[in-house]
Amino acid sequence: MQPFAIAGVQMHVGAYTENVSAIRQRLDLTVARFPWVQMVLFSELAPYGPLPQHAQDLPGPTEEAFQEMARAHGVWLIPGSVFERVGDKIYNTAIVINPDGEVVGRYRKMFPFRPYEDGVEAGTEFLIFDVPNVGRFGLSICYDIWFPETTRTLTAQGVEVLLHPVLTGTVDRDVELSIARASAAMFQCYIFDINGLGAGGCGRSCVVDPSGLVLYQAAGQEEIIPIEVDLDLVRRQRETGLKGLGQTLKSFRDRDVEFGIYDRANPANAYLNSLGPLEMPQRGSRAGLDVRPGTLETPATQAYGEATGAGGPRLHSVDLIHGVNRTGTT
């Protein structure tokens, strides 16, 4: 085993003042308390908070400050993410800095939390980097993990540790934690899911190992979470399977099926196209009620019925609820 220690920092994030100086203080404290830590990860939008008006130019003075911090402490530093200004566009961008203070990559969030994160552009390029003599690391940001295609793309290229800064202060945090645990098991990797506090989230950061075991979950106060990862465990599990069972990466590699749903022109996308625009919910909205199972004759019900083939039994939505069709079979 090649020891490698990563600390996630769950800290209070202000929305109206810069938090760069607070990050510097937390980094100083982390290295003073845990000098064996080799990489430090902060939460999404930790440096300036969740308001796009604080967007930064990259490269620029803020990035240079983080480079100096990493170089001073000799650690890998991922200072969460910042809103990045590129012309008239705004991206949500995470920076990876090595112990020499060099920027090894920038990752732009692929799935802004729309419609709430309105006006933020989506990135289209993955970020994978190697820590020499240790292993392969990848980045995703918050809502990205809800789309398993992102984690699959990273792990299919050998990523063993997923660094996942988040800003979640909403009632779906429980769901997000379950996704982090399931993703770690499905893709056989470590996941560092680091949330903020205050304007930066509701905390409850977690670290999950490649078997889906939660190594630590924080509560709702500031915490430093130092965890030493064992990448031999990742490699062994990918060879022999979770607990000697599911070898998910190899099974996906050796699959017999191709997934046509990823072709946007595929007729199989008809249901997705029927869901209406991606927009903010309105008070008392009944949007979507005419396409879900449980209503009377609808376009969606007709589509389900037609899918049974010519001459086959038509399935009505009321029948689908009870799990039976008109022939009476389940």
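The structure this text deals with has already been given above.
What counts and how
Residues numbered from 1 in each chain as written. Predicted model: local features only at pLDDT ≥ 70, side-chain atom pairs only at ≥ 80, totals over all residues. Heavy atoms only, no water. Helix = DSSP H or I, 4+ residues; strand = E, 2+ residues; numbered from the N terminus. Buried < 20%, exposed > 50% of the residue type's maximum accessible area, 1.4 Å probe, protein only. Contact = heavy atoms within 4.5 Å. Axes fitted to C-alpha atoms, helices over the stretch in contact; angles between N-to-C directions. Parallel < 35°, antiparallel > 145°, perpendicular 65-115°, else oblique. Nonpolar A, V, L, I, M, F, W, Y, C, P; charged D, E, K, R; others polar. Core = buried A, V, L, I, M, F, W, Y, C linked by side-chain atoms within 4.5 Å. Pairing = 2+ DSSP bridges. Polar contact = N/O pair within 3.5 Å; in protein donor to acceptor, adjacent residues only side chain to side chain. 1 Å grid on protein atoms, 1.4 Å probe; cavity = no way out; pocket = protein on both sides within 12 Å on 5 of 7 lines; lining within 4 Å. Points joined across faces, edges and corners; volume = space filled by probe spheres on them. Phe/Tyr/Trp six-rings, centres within 6.5 Å; stacked < 30°, edge-to-face > 60°. Patch = residues over 30% accessible without salt bridge, like charges linked within 9 Å, V, L, I, M, F, W, Y side chains within 5 Å. Areas by Shrake-Rupley, 256 points an atom, 1.4 Å probe, with all protein chains shown as cover. Salt bridge = Lys/Arg side-chain N within 4 Å of Asp/Glu carboxyl O.

S.K.: Which parts of the structure should I look at to understand the overall build of the protein chain?
M.R.: Scanning the protein chain for helices and strands turns up nine helices and 15 strands. Counting across all 330 residues of the protein chain, residues that qualify as buried make up 46%. Contacts in the protein chain between residues far apart in sequence, at least 24 positions, make up 64% of those at least 6 positions apart.

S.K.: Sorry, what's going on with the packing of helix α1 (residues 20-33) against helix α2 (residues 61-73) here?
M.R.: If you want to describe how two helices pack, look at the angle between their axes and the distance between the axes. Look at α1 against α2: their axes get within 11 Å of each other, and the N-to-C directions meet at 10°. As judged from the angle between their axes, α1 and α2 are roughly parallel. Counting all contacts with α1, which are made through Val-20, Ile-23, Arg-24, Leu-27, Asp-28 and Val-31, the residues of α2 involved are Thr-62, Ala-65, Phe-66, Glu-68, Met-69 and His-73. When its residues are assigned to classes, the contact of α1 with α2 shows seven nonpolar, two polar and three charged.

S.K.: Would you mind going over the nonpolar core with me for this structure?
M.R.: Soluble globular proteins tend to bury their nonpolar side chains together. Counting 31 residues, the largest nonpolar core has Phe-4, Met-39, Phe-129, Phe-137, Leu-139, Leu-163 and Phe-192 as the members making the most contacts within it. Discounting chain neighbours no more than four positions away, the residues touching Phe-137 are Phe-4, Ile-6, Met-39, Leu-127, Ile-128, Phe-129, Val-131, Val-159, Val-161 and Leu-163. Ranked by size, the runner-up nonpolar core spans 26 residues in total, among them Val-13, Val-31, Phe-34 and Ile-95.

S.K.: Any chance you could explain the sheet that holds strand β14 (residues 214-217) here in plain terms?
M.R.: Spatially, the six strands line up as an open sheet ordered β8-β9-β10-β11-β13-β14, and their pairing is mixed. At either margin of the open sheet sits one strand with a lone partner, and together these are β8 (128-131) and β14. Across the sheet, the axes of successive neighbouring strands diverge by a mean angle of 15°, strand direction being ignored. The pairing of β8 with strand β9 (residues 135-139) spans four bridges and is classified as antiparallel. Across the sheet, the residue bridging to Phe-129 is Phe-137, located in β9. Helix α5 (residues 231-240) contacts β9, β10 (161-165) and β11 (190-194) of the sheet and is inclined by roughly 125° relative to β11.

S.K.: Help me understand the side chain of Asn-269 in this model?
M.R.: As for its position among the elements, Asn-269 is in the loop between α6 (248-253) and α7 (270-273). Asn-269 gets classed as buried once you look at its relative accessible area, which sits at 6%. Separated by 2.9 Å, the side chain of Asn-269 and the backbone oxygen of Asp-263 make a polar contact. Those residues within four positions of Asn-269 in sequence are excluded, and the remaining contacts are Ile-261, Asp-263 and Arg-264.

S.K.: What is the right way to look at the layout of surface pockets in this model?
M.R.: In this approach a probe as big as a water molecule rolls over the atoms, and the regions it shows empty are the leftover space. Reported here for the largest pocket is a volume of approximately 870 Å³. Along the walls of the largest pocket sit 23 residues, with Phe-111, Phe-147, Glu-149, Arg-264 and Leu-278 positioned nearest its centre. Among the residues forming the lining of the largest pocket, the class breakdown is 15 nonpolar, four polar and four charged. A volume near 390 Å³ is recorded for the second largest pocket.

S.K.: Before we go on, may I ask you to explain the packing of aromatic side chains in this structure?
M.R.: For the coordinates displayed, the defined rule picks out nine aromatic pairs. Note on Phe-4 and Phe-137: the rings are 5.6 Å apart at their centroids and 65° apart in plane angle, and the pair reads as edge-to-face. Here the residue Phe-4 occupies a position in strand β1 (residues 4-10), and Phe-137 occupies one in strand β9, the gap between them amounting to 133 residues. According to the relative accessible area criterion, Phe-4 is buried, its value standing at 2%. Taking the centre distance of 3.8 Å and the plane angle of 10° together, the rings of Phe-111 and Phe-147 count as stacked. Note that Phe-111 is positioned in the loop between β7 (103-108) and β8 and Phe-147 in the loop between β9 and α3 (148-155), a separation of 36 residues in sequence. Judged by relative accessible area, Phe-111 falls into the partly exposed class, the value being 29%. A network of ring pairs unites the aromatic residues Phe-111, Phe-113, Tyr-116, Tyr-143, Trp-146 and Phe-147 as a single cluster.

S.K.: Even after reading the chapter, I still don't get the environment of Met-186, so can you show me in this structure?
M.R.: Looking at the secondary structure, you find Met-186 in helix α4 (residues 173-187). Sequence separation between Met-186 and Arg-152 is 34 residues; the distance between their C-alpha atoms is 9.0 Å. Look past the residues within four positions of Met-186 in its chain and what remains in contact with it is Thr-248 and Leu-249.

S.K.: Hey, could you run me through the side chain of Thr-168 in this one?
M.R.: Among the secondary structure elements, Thr-168 is positioned in the loop between β10 and α4. In contact with Thr-168, not counting residues within four places along its chain, are Cys-142, Arg-173, Glu-176, Asn-195, Gly-200, Gly-201 and Cys-202.

S.K.: It is not clear to me how a nonpolar patch on the surface should be interpreted in this structure. Could you clarify?
M.R.: Side chains of Val-257, Phe-259, Ile-261, Tyr-262, Tyr-271, Leu-272 and Leu-275 sit close together on the surface and give an oily, nonpolar patch of about 670 Å² of accessible area. Look at Ile-261 and you get partly exposed, because its relative accessible area is 39%.

Keep in mind these values describe shape, not function.
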